[in-house]
Structures are given as C-alpha cells and as structure tokens.
Amino acid sequence: MGITMFMPRRGVALTFAARAVLAVVLTTTGRGASAEEPKKPDAAPKVTSRERLSRRRLAAAHEAVARIAKGRRTLDPPAGFHDYRAILHAHAEDSAHTGGTRPEILAEAKRAGVDAVLLSDHYRPPRDFVNDSWRGLREGVLFVPGSEVRGFLAYPMKSVMDRMEAPLPDFVSAVTSDGGLIFLSHIEERPDHSMEGLTGLEIYNRHYDAKRDAAGMLALILKVTAPDSLRELEEDLTRYPEELFAFHVEYPAEYLAKWDRETKERRLTGVAANDCHHNQVLIVKMIDEGSVRVGTNVDKDEDMRKFSALLRPGIRAMTKGRKPGDVLARVDLDPYHRSFQNVSTHVFAPELTEPAVREALREGRAYVSHDWMCDPRGFRFGLVEPAVLMGGEVAFKPGLKLSASFPVACRIRLIQDGREVVSRSGDSLEYDVTAPGVYRVEGWLDLGSEERGWIYANPVYVRGSRHQ
C-alpha cells in the first residue's frame, strides 16, 4: 500500500485474484524474526490488524489521539533549523498501476501540511525521470525528481539515463555524484544487500505492512461485498480515516534490524517509504444478480476478483434493481493526504530548498514519524556536549550525554547497537554514554488498546578506536 494493498512490485500487472494469492504466499513463507531483530517492547497482548478494524478499536484509537493532542507541548526545533515534513517514495503518473497525478499530489501535500515531496517514478525509458518531472517549489511545496529503480530510491542531481544499465557500483556512483542520494528500498526483498556507497535505506515501508497481512486485506475486501458491512466501512472511513488507514501498520523489526547491523560499520540515513499511488479506491461492479467483481481504480474488469452470492449472500441485496456493469460501491481508501499523514520523514534543514533538504538527508538530520498519532514537531535527539544532532558522529570520550525531547509523554526506548538499553515513560530522556555505540531513540504512544510505534530517530554515532 502506500496503501498499495494489492499492488505488485516493479510495475508488473497481476490480476486482482493473483495479487491476493501472492499476499498469502508472502505472508506464510516470509522470513522469520532473527535473534538480532529489535523486539517490540512488552505491552498488552498483540492486537491483530483485523481487530484494529473493529469499530470499538477504531473509536478507542481515535479518542486516544484526540486526548494526546490536548497534552501536546510546543517545542522549538534545534537552533538554525526548521522541521520540514518530507515524503519519499511517492508515485504519480508513472505506471498503469498508479492512480494519482502530480497536480493531485501538490493539492494533497498542501492539505496535509507537507513541505517536500521526493518523487520516485517507475523507470520508463525513454522518459527521463529527472528532466521530465517536477522540480523546485510549487505553491510552497518543494518537489525533487527521482526514481524507484533496481531496488533503490534514486535522487540524482542530473540525468543518469546513460548509466541506468551500468554495473551496480557504477550506477550508484553516477546517482550520488555531485550530491545525489540513493536509498535501499523494500528491505524484505533484499535483507543482505550491500550498503556500500548508499546514502541510507528505508526503515519503514507502508507497502510491506500490507503485503504481509493477507488476513487483514481479505477482511477489508469482504466488507464491500455486503450492504451492512459496506455501510459500516464507509461510516468508519468518515469518522476514523487515519485510524482505519493505519490498521496494517506494525513495528518494522526486519527493516530496523538491517539498519542496526549496517550502522555499526557506516553512517546510513533511515527514511520512511509512503509508497503511495492513490490506487486503492475499492470498486464493486455488478456482473449479474448473483455475482460482482471487486477491484481497484487501476484494475481492468478482467483483472478484478469475482465474488458470488453463494458465499456472500448480501450481494443479492446490492444488485437488486441494478443492471450488469453498474458500479455498486466505490470506497476511496488512500487519497494522498491520508498516506502523507500516516507516515513521513521529518528533516532538520535551515531552509526549504533542494540543496538544504538533500544535505539534511545525507547527514541523517531526520526522523521517521507516524504523524497521524500526534504532530511530532519539536522532537529532537542528540548529544548535549558537544552539541551533536542525530546523524552526527563523534569519538567516544568520558562525559558524553545523550538527550531526547518529545512534544508529549510517550514510551521512550533508547537502542544501542540494536539492543534496548533504556525503556521509560516521559517526555524527555538523558543518558550518560559509557561506551562507544550507535545510539538511536524510539517513541511509542498508548492508543488505548495497545502501544504503537510513533517516532524512529536517526542515530548518533559514538565511535571507538576502530572507527577513528
């Protein structure tokens, strides 16, 4: 999802039914958690995505979000910087399975309070994803052209069309020359990929959450094949849009494990992948009085999945008085603004310009946040003395102190080299550094029925003699 729930990778067109089968295979045969993976903090028993879809839990999460917002305090960003909301891994007008347009992204970014959008067009030669895309400020929103290609999010400074098929090291060098950025994408597909020469990696990807949740996807699909459940879904989407959109979201343990392993050797900026396409507008079309097709706004009729009244009796009530070919339901799950609100990458930059945003991402002055839970602006993490922001690197010496501040009280987890060393509740944390390590911090919020990950900050790198 970005919410690309049924969407294949790399632009390959699969039928709606085949996508569901693919999701089941990926869910049941996926990699298990390794001993190195960061563990979700102990809290209440795990809540499943299907349970999060219940009206009771949606309402409880909504009420918790409103309560948390009332307690939010205003904090200033670090001196000399602004906290800009950026969206990475965004698709528009770039494939048959993308439903949105660039003007739509602009309007929705303004609605959601997004400052910068780093586009990630699917590679479609001879179209040049740098020269034939949007670049610069448009109505206050900064656009940076880029591509999702060869397993990366690539943001070169200039066209690299003549280097797209080059050997991988040469391709990476071409993208990163003169200040370009390149991030490893879809970590679940390449957990052992080399990070040599890369700017960083995705530490969260919305599409992966949906891809591994076949049961939740099926529960959502079935809601549109009966009048009562369809009505309930439409009402819940009106009352609890962000909570419903986030029902798939889980702790990205596999992604964070890769990040924690690799940052022991090199600095790597962690970013969020929205992977948004505006392609999850669920559509129900009548075949005859006893059957319907269910698909999305980017599906052809023959690629939609057939449901029969033999299994879903409510279909007959939906088709009564209608004719074949009629659209019986249309439910827009993933308008861009909802995806943008779900997760973003916040960057600390002195101004909203492409060079400044690129530098912030290159240096790791960034954190990932599920903004729908609470506006995170004011969050900061780094060393007190010397003053070093997240992303920075220093040599270990006695007396170093880490500090983290949050705009609301939350569960704060301090992670050193992939291991939790502090877990406490509050709106701030100070920690005396007694050994070298890669230190990052997480913030978790209690949404009534469960604690859920809210903020994932880039690390501070305290290096020992091996790195000096």
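The structure presented is a predicted model; accordingly, all values stated were derived computationally and were not measured. (Residues numbered from 1 in each chain as written. Predicted model: local features only at pLDDT ≥ 70, side-chain atom pairs only at ≥ 80, totals over all residues. Heavy atoms only, no water.)

**Q** Just give me the short version of the sheet that holds strand β7 (residues 152-155), but keep the residues and values in it.
**A** Strand order across the open sheet formed by six strands is β3-β6-β7-β8-β9-β10, with mixed pairing between neighbours. Every other strand in the sheet has two partners, leaving β3 (121-122) and β10 (269-273) as the edge strands with one partner each. Here two bridges tie strand β8 (residues 181-184) to strand β9 (residues 200-205), and the two strands are oriented parallel to one another. Paired with L184 across the bridge in β9 is L201. Helix α10 (residues 253-262) rests against β8, β9 and β10 of the sheet, and its axis sits at about 160° to β9. (Pairing = 2+ DSSP bridges. Helix = DSSP H or I, 4+ residues; strand = E, 2+ residues; numbered from the N terminus. Contact = heavy atoms within 4.5 Å. Axes fitted to C-alpha atoms, helices over the stretch in contact; angles between N-to-C directions.)

**Q** Requested: an account of the packing of aromatic side chains, with residues and values cited.
**A** Under the criterion given, the structure shown has 12 aromatic pairs. Summarising the aromatic geometry, the rings of Y251 and W444 are spaced 5.2 Å apart at their centres and angled 40° between planes, so their arrangement reads as tilted. Of this pair, Y251 sits in the loop between α9 (241-245) and α10 while W444 sits in strand β22 (residues 437-446), and the two are 193 residues apart along the sequence. Across the pair, W444 and Y251 agree in class, each one buried. Judged by centre distance (6.0 Å) and plane angle (45°), the ring pair of Y251 and Y456 falls under tilted. Separated by 205 residues along the polypeptide, Y251 in the loop between α9 and α10 and Y456 in strand β23 (residues 451-457) bring together distant segments of the chain. Note on Y456: relative accessible area 2%, which makes it buried. Connected via pairs of aromatic rings, a cluster forms that spans F348, Y367, F379, F406 and W454. A cation over a ring is seen here: R150 above F171, with NZ or CZ 4.8 Å from the ring centre. (Phe/Tyr/Trp six-rings, centres within 6.5 Å; stacked < 30°, edge-to-face > 60°. Buried < 20%, exposed > 50% of the residue type's maximum accessible area, 1.4 Å probe, protein only. Lys NZ or Arg CZ within 6 Å of the ring centre and 35° of its normal.)

**Q** With reference to specific residues and values, describe the confidence of the model for the protein.
**A** Mean pLDDT over the protein: 89, with 90% of residues reaching 70 or higher. Below pLDDT 50 for its whole length, residues 1-37 participates in 86 contacts with residues either more than four positions away or in separate chains. (pLDDT = per-residue confidence, 0-100.)

**Q** For the packing of helix α3 (residues 55-70) against helix α8 (residues 227-239), give the residues involved together with the corresponding values.
**A** Put simply, α3 and α8 touch, their axes get as near as 11 Å, and they point 5° apart. As judged from the angle between their axes, α3 and α8 are roughly parallel. Here α3 contributes R55, L58 and H62 to the contact with α8, which in turn contributes E232, E235, D236 and R239. Of the residues belonging to the contact of α3 with α8, the class tally is one nonpolar, one polar and five charged. (Parallel < 35°, antiparallel > 145°, perpendicular 65-115°, else oblique. Nonpolar A, V, L, I, M, F, W, Y, C, P; charged D, E, K, R; others polar.)

**Q** Can you tell me about the side chain of H122, naming the residues and giving the values?
**A** Note on placement: H122 falls in strand β3. Among the polar contacts listed, one links the side chain of H122 to the side chain of H91, at a separation of 3.4 Å. (Polar contact = N/O pair within 3.5 Å; in protein donor to acceptor, adjacent residues only side chain to side chain.)

**Q** Help me get a handle on the pairing of β7, residues and values and all.
**A** Residues of β7 alternate between two faces, with F152 and A154 on one and L153 and Y155 on the opposite face, all of them buried. In the sheet, strand β6 (residues 147-149) pairs with β7 via three bridges, with the strands oriented antiparallel. Each bridged residue has a counterpart across the sheet, and for S147 the counterpart in β7 is A154. Between β6 and β7, which pair antiparallel in sequence order, lie two residues; one of them, R150, sits at a positive phi of approximately 55°. Both β7 and β8 contribute to a ladder of four bridges, which runs antiparallel. Looking at β8, one finds that Y155 is bridged to L181.

**Q** Could you give an account of the environment of N342, with specific residues and numbers?
**A** Position of N342 relative to the elements: it lies in helix α12 (residues 336-342). Along the backbone, N342 and M373 are 31 residues apart, and their C-alpha atoms lie at a distance of 8.3 Å. If near-sequence neighbours (up to four positions away) are discounted, N342 is found in contact with Y204, R206, F245, A246, V249, S369, H370, D371 and W372.

**Q** Can you lay out the environment of E363 for me, pointing to particular residues and giving the numbers?
**A** Looking at the secondary structure, you find E363 in helix α13 (residues 354-363). Overall, E363 belongs to the partly exposed group, its relative accessible area being 31%. Remark: the alpha-carbon pair of E363 and R267, spanning 96 residues in sequence, is separated by 8.4 Å. Only 3.1 Å separates the side chain of E363 from the side chain of R267, close enough to count as a polar contact.

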